[in-house]
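# Residue-level structural notes
Listed here are the chains, written in short residue letters.
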Amino acid sequence: MTGNFSGRDLGSLTRRQLLGAGLAVGVVGTGWAAEPEKPKTMVVNSSGGVVNKALRKAFFTEFERRHGIRIIDTSPADTAKLRAMVASGNVEWDVTEIAGQDGVLAERLGLLEPLDHSIIDLSRFPDAVKGNKYLFPRSVYSTVLGYRKDKLKAGHPVGWAQFWDVKKFPGRRSLRNHPVDNLEYALLADGVPKDKLYPIDLDRAFRKLDEIRPHINVWWTAGAQPAQLLIDGEVDMATGWSGRFYDLVMKDAPVAIEWEGGAVKESDFAIPKGAKNVYWSQKFLALMAEAERQAIYTNELGYPGLNLDLVKFVEPKVLPLLITSPENLPKQFFNDIVWWADNQQVAIDRWNKWMLKG
Amino acid sequence: MTARAGRTRGSRAARLRLLHAALAAPAALLLAALFAYPLLDLLRLSLEHGSLAHYEAVFSGGLYVRVLWNTARIAVIVTVACAVLGYPLAHFLATAPRGWALFGLLCVVLPFWTSLLVRTYAWMVLLGNNGVVNKLLLAAGIVAEPLPLMHNELGVVVGMVHVLLPYFVFPVYAVMLRVDRDLMAAAEGLGAPLWQVVRRIYLPLTLPGVVAGGTLVFILALGFFITPALLGGGKVMMIALLIDQQVAQMLNWGLASALCMVLVAAILVFHAALKRIARSRAA
């Protein structure tokens, strides 16, 4: 591991690189003089498990068929590892998944190659993400409430005010051991409207969290935990990533999703700074931008692709379980990942202290 | 080394010293490359931009200091539990008939060879609300509601004691094997009751093993990560969890390194203090 991690140092180019890049732009205008040589294999890193399986079905096999480059998949999506790779100059990943506020963090630390919009077609994407310079907007994910239908016979909490109401809705509960989303839930439970959450009033949020704290049986850390906790009967209600619950619902487990108050975040893919086959990495992301391929992925996991043409290709039974369906989207709010990138350290410090007391 | 060797050329002691140095060199080099160098790099990283800002962050605000104390407290509980369970076990292993002793050793060694993660998950299966233990207790009518055995400090301590017990048993067992049984026989012959024999002969003679095992367990417990992460349910904060948070979530490696350095320093101070006590006792 070498010494310098600041974006400034990583961003500096040698004169030869600069000349080369300038020449290339001069020749074809897209930044690529000619199609660079194909590597035999490429490494796509993602969060693993069911995600990798769905990625293979939707994108990897098709990429292999079109370009004859074999895709090796690795996991998990680890931003610390990304930072170590870029810093040591030994970048093993050609493309990697980055979730939520980590994307902003990676962009600020200069860990990513810019997207080539002449290769990756984002014209049919929502305006909010069309202009992304470094982060390919793969999908959105939502942290929602999952619950045991069979255990909560008298009904389940709808929205966070009811989740906080332990008298009316008894049952074992689990929240994530992290301030993200939980602070927002607390504010919503305290009556703050969805569009007035940011900037987050930390004092108010933690005051409200004090109320629910004695009733939380497990503070989960890993993304796979909430589904497991529900299936094992460790808890009756847990917040968790919608795709993990989607998997359970599709397998007819006695688990259901409440979308009210869900926290939506952008989930991105990106090219690590110094990746070995940048052109082919761009090509891979271009494939990931196609609506038809995205639909295959969405059918598997319920994480929608953001290409607006997606709805034409998705299976009808999947639609009600989509984060972005017209039914579900208005119930949720968009997590402000920039606020989080700016305030994460303060929020986490305070969260840890809060966890410590009593 | 070479200068000294020159002065006492031909002397047996000097040649032996050289031989010892040569024998130790490969291990020393390996340690330097794989341990000392990364540790120095960590120290450098913790002093990012040549300032003590990260150390200030560690010692101000109360969070990290309190978690360090909490970590030490849990490590002490685990060490004491290991001693209470491990001392009689080691005695059994050292004195039982050969067949039984071998069987007992196997029981200690087998889990020792099993992956830490597997053992931690095994405890989750045992201690959960629908786990084996709670199911038995419910079926037997001993409790009406499942007991909270996991996702709290109890679960963490149980898991850690299980993992660390062999580290206590082996050093104590090794020392107990070397204790001269005739000393106890002599004491008994002279009319000392059993507890006096234990207190005045067996315990002092086996104390070096207890100190070695206890130190090992305590130091390893300070750095535990997987077990508190999985069995603590987020409610048990140990310093390794916070270091992981800084490395993986915050990408604040400077602060993470500073926390590591403080942990290493605490362990060194503890070790030095223990050595001093041991030496003053011997003197």
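Throughout, a residue's number is its position along its own chain's written sequence, starting from 1. Whichever chain is written first is A, and whichever ligand is written first is 1; the rest continue in order. Local features in a predicted model are, by the rule used here, given only for residues with pLDDT of at least 70; side-chain atom pairs are given and counted only at 80 or more, and totals for whole chains, interfaces and linings are based on all residues. Side-chain measures were taken over the full set of non-hydrogen atoms in the model, leaving aside hydrogen atoms and water.

## Here's the deal with the overall build of chain B
Inclusion rule: Per the convention used, a helix needs a DSSP run of H or I reaching at least four residues, while a strand needs a run of E reaching at least two, with both numbered from the N terminus. Radius of gyration means the value over C-alpha atoms here, while the globule rule gives 2.2 Å times the residue count to the 0.38 power.
Looking only at helices and strands, chain B features 13 helices and zero strands. Reading the helices (α) and strands (β) of chain B from amino to carboxyl end gives α-α-α-α-α-α-α-α-α-α-α-α-α. The globule rule puts the C-alpha radius of gyration for 283 residues at 19 Å, and the 24 Å found for chain B is more than 25% above it. In terms of principal-axis extent, the alpha carbons of chain B reach across some 80 × 70 × 30 Å.

## Looking at the overall build of chain A
Test applied: Remark: exposure states derive from per-residue accessible area (1.4 Å probe, protein chains only) relative to the maximum for the residue type, with buried under 20%, exposed over 50%, and partly exposed in between. Contacts are assigned to residue pairs with any non-hydrogen atoms lying within 4.5 Å of each other. When charges are counted, neither His nor the chain ends are considered; positive counts come from Lys and Arg and negative counts from Asp and Glu. Note on charges: their place is set at NZ of Lys, CZ of Arg, CG of Asp or CD of Glu.
From N to C terminus, chain A includes 14 helices and nine strands. Its C-alpha atoms give chain A a radius of gyration of 22 Å, within 12% of the compact-globule value 21 Å for 358 residues. For chain A, the spread of C-alpha atoms along the principal axes amounts to about 70 × 45 × 35 Å. Looking at chain A as a whole, 55% of its 358 residues qualify as buried. Within chain A, contacts between residues separated by at least 24 positions form 73% of all contacts whose residues are at least 6 apart in sequence. Of note, chain A has its 46 positive side-chain charges centred 2 Å away from the centre of its 44 negative side-chain charges.

## Some thoughts on a nonpolar patch on the surface
Defined as follows: To count toward a patch, a residue needs a relative accessible area above 30% and no salt bridge. Like charges then connect within 9 Å, nonpolar side chains (Val, Leu, Ile, Met, Phe, Trp, Tyr) within 5 Å. For accessible areas, the Shrake-Rupley method is used with a probe of radius 1.4 Å. Any residue's cover is judged against the shown protein chains and nothing else. Definition used for salt bridges: Asp or Glu carboxyl oxygen within 4 Å of a side-chain nitrogen of Lys or Arg.
The grouping of Leu40, Leu43, Leu47 and Leu52 of chain B at the surface amounts to a nonpolar patch, some 350 Å² of accessible area in total. Inspection of the secondary structure puts Leu52 of chain B in the loop between α2 (12–46) and α3 (53–59).

## What to know about the side chain of Thr96 of chain A
Residues and elements named next belong to chain A. Stated precisely, the cut-off is as follows: Polar contact is defined as a pair of N or O atoms within 3.5 Å, subject to the rule that within protein one atom must be able to donate a hydrogen and the other to accept it, and that residues adjacent in sequence are counted only when both atoms are side-chain atoms.
Inspection of the secondary structure assignment puts Thr96 in strand β3 (residues 95–99). Of the residues examined, Thr96 reaches a relative accessible area of 2% and is grouped as buried. Among the polar contacts listed, one links the side chain of Thr96 to the side chain of Asn45, at a separation of 3.0 Å. Aside from chain neighbours lying at most four places away, what touches Thr96 is Asn45, Leu82, Asp268, Phe269, Ala270 and Pro272.

## Some thoughts on the nonpolar core
Short version of the rule: The set of buried Ala, Val, Leu, Ile, Met, Phe, Trp, Tyr and Cys residues whose side-chain atoms join them within 4.5 Å is what this entry labels a nonpolar core.
Grouped together as the largest cluster of nonpolar side chains are 93 residues, with contacts concentrated most on Phe163, Trp164, Leu183 and Leu209 of chain A together with Val78 of chain B. It is helix α4 (residues 63–95) of chain B that contributes the most residues to this core, 13 residues altogether. Not counting the four nearest positions on each side in its chain, Leu209 of chain A is found in contact with Trp164, Asn182, Leu183, Ala186, Trp351 and Trp354 of chain A. Ranked by size, the runner-up nonpolar core spans 62 residues in total, among them Ala54, Phe245, Ala286 and Ala295 of chain A.

## Here we look at the packing of aromatic side chains
All names here are of chain A. Put simply, the test is: The rule is short: rings of Phe, Tyr and Trp, with Trp giving its six-membered ring, pair when the centres are within 6.5 Å, and they are stacked under 30 degrees, edge-to-face over 60, tilted in between.
For the coordinates displayed, the defined rule picks out 22 aromatic pairs over all chains. Relative to Phe284, the ring of Phe63 has its centre 5.3 Å away and its plane inclined at 75 degrees; by these criteria the two rings are edge-to-face. On the criterion of sequence distance, the pair formed by Phe63 in helix α3 (residues 50–67) and Phe284 in helix α12 (residues 278–288) is long-range, its members being 221 residues apart. Comparing Phe63 with Phe284, the two get one shared label, buried. Taken together, a centroid distance of 5.1 Å and an interplanar angle of 90 degrees make the contact between Tyr279 and Trp280 edge-to-face.

## Section: the domain arrangement of chain B
Residues and elements named next belong to chain B. The following threshold applies: Start and end points for every domain follow an automatic or database-based domain assignment. Reported buried area values correspond to the accessible surface (1.4 Å probe) lost by two parts on association, with both partners' losses combined.
Considered domain by domain, chain B is made up of domain 1 (1–46) and domain 2 (53–282). Of note, the centres of domain 1 and domain 2, computed from C-alpha atoms alone, are 33 Å apart. Tallying the contact residues gives five residues for domain 1 and nine residues for domain 2. Summing the contributions of domain 1 and of domain 2, the shared interface buries around 550 Å²; its carbon and sulfur component is 76%. For domain 1, the biggest contributors to the area lost against domain 2 are Leu42, Leu45 and Ser46; these three give 73% of the whole. The interface formed by domain 1 and domain 2 includes zero salt bridges. In this assembly, domain 1 and domain 2 are joined by one residue pair in polar contact (both at pLDDT 80 or more).

## Looking at the interface of chain B and chain A
At the interface, 30 residues of chain B touch 31 residues of chain A. Here chain B and chain A share an interface that buries about 2,600 Å² over both sides, 54% of which is from carbon and sulfur atoms. Broken down residue by residue, the surface that chain B buries against chain A is led by Met250, Leu251 and Trp253 of chain B, which jointly contribute 24%. On inspection of chain B and its partner chain A, the count reaches nine residue pairs in polar contact (both at pLDDT 80 or more). Sorting the residues of the side of chain B that touches chain A by element identifies α2, α4, α12 (239–249) and α13 (253–282) of chain B as the ones contributing at least two each. Of all the elements, α12 of chain B adds the most residues to the side of chain B that touches chain A, at six residues.

## Observations concerning the side chain of Asp102 of chain A
Inspection of the secondary structure assignment puts Asp102 of chain A in helix α5 (residues 101–108). Buried and unpaired, Asp102 of chain A has Arg176 of chain A as its nearest opposite-charge partner, separated by 7.8 Å. Of the polar contacts made by the side chain of Asp102 of chain A, one reaches the side chain of Thr79 of chain A; its length is 2.8 Å. In contact with Asp102 of chain A, other than residues within four places in its own chain, are Thr79 of chain A together with Gln249 of chain B.

## Observations concerning empty space enclosed by the protein
Vacant regions in the atomic arrangement are exposed by a probe of water-molecule size rolled over the atoms. All names here are of chain A. The condition is simple: With a 1 Å grid laid over protein atoms only, a set of points is called a cavity when a 1.4 Å probe fits there but cannot get out and a pocket when it is open yet has protein on both sides within 12 Å along at least five of seven lines; lining residues have an atom within 4 Å of a point. Grid points are joined across faces, edges and corners, and a volume is the space filled by probe spheres set on the points. Any residue that is not Ala, Val, Leu, Ile, Met, Phe, Trp, Tyr, Cys, Pro, Asp, Glu, Lys or Arg is counted as polar, Gly included; the first ten are nonpolar and the last four charged.
One pass over the structure, following the stated rule, counts one cavity of 30 Å³ or more. Approximately 40 Å³ is the volume found for the largest cavity. Lining the largest cavity, in full, are Ser242, Gly243, Tyr246, Ile257, Trp259, Leu301, Gly302, Tyr303, Leu321 and Ile323. For the lining of the largest cavity, the elements supplying multiple residues, two or more each, are α11 (242–250) and β8 (255–270). At three residues, α11 tops the list of elements feeding residues into the lining of the largest cavity. Of the residues contributing to the lining of the largest cavity, the split by class is seven nonpolar, three polar and no charged. Each of domain 1 (7–140 + 266–321) and domain 2 (142–264 + 335–356) contributes no fewer than three residues to the lining of the largest cavity.

## Here's the deal with the confidence of the model for chain A
Convention followed: Looking at any residue, its pLDDT shows the predictor's confidence there, from 0 to 100.
Overall, the predicted model of chain A reaches an average pLDDT of 87, with 91% of residues at or above 70. Throughout residues 1–29 of chain A the model reports pLDDT below 50, and contacts reaching past four residues in sequence, or to other chains, amount to 25 contacts.

## Some points on unusual backbone geometry
Residues and elements named next belong to chain A. Ser75 connects to Pro76 through a cis peptide bond whose omega is 0 degrees. By secondary structure assignment, the location of Pro76 is in the loop between β2 (70–74) and α4 (79–88). The peptide bond linking Tyr198 to Pro199 adopts the cis configuration, its omega dihedral lying at -5 degrees. Along the chain, the position of Pro199 falls in the loop between α8 (182–189) and α9 (202–212). Backbone geometry places Asp252, a non-glycine residue, at a positive phi of 60 degrees.

## Comments concerning the environment of Val318 of chain A
All names here are of chain A. One can find Val318 in the loop between α13 (291–301) and β9 (333–334). Here Val318 falls in the buried class, since its relative accessible area comes to 1%. Each C-alpha atom, one on Val318 and one on Ser142, is 16 Å from the other, the two residues being 176 residues apart in sequence. Setting aside chain neighbours within four positions, we find Val318 in contact with Tyr246, Met250, Thr298 and Asn299.

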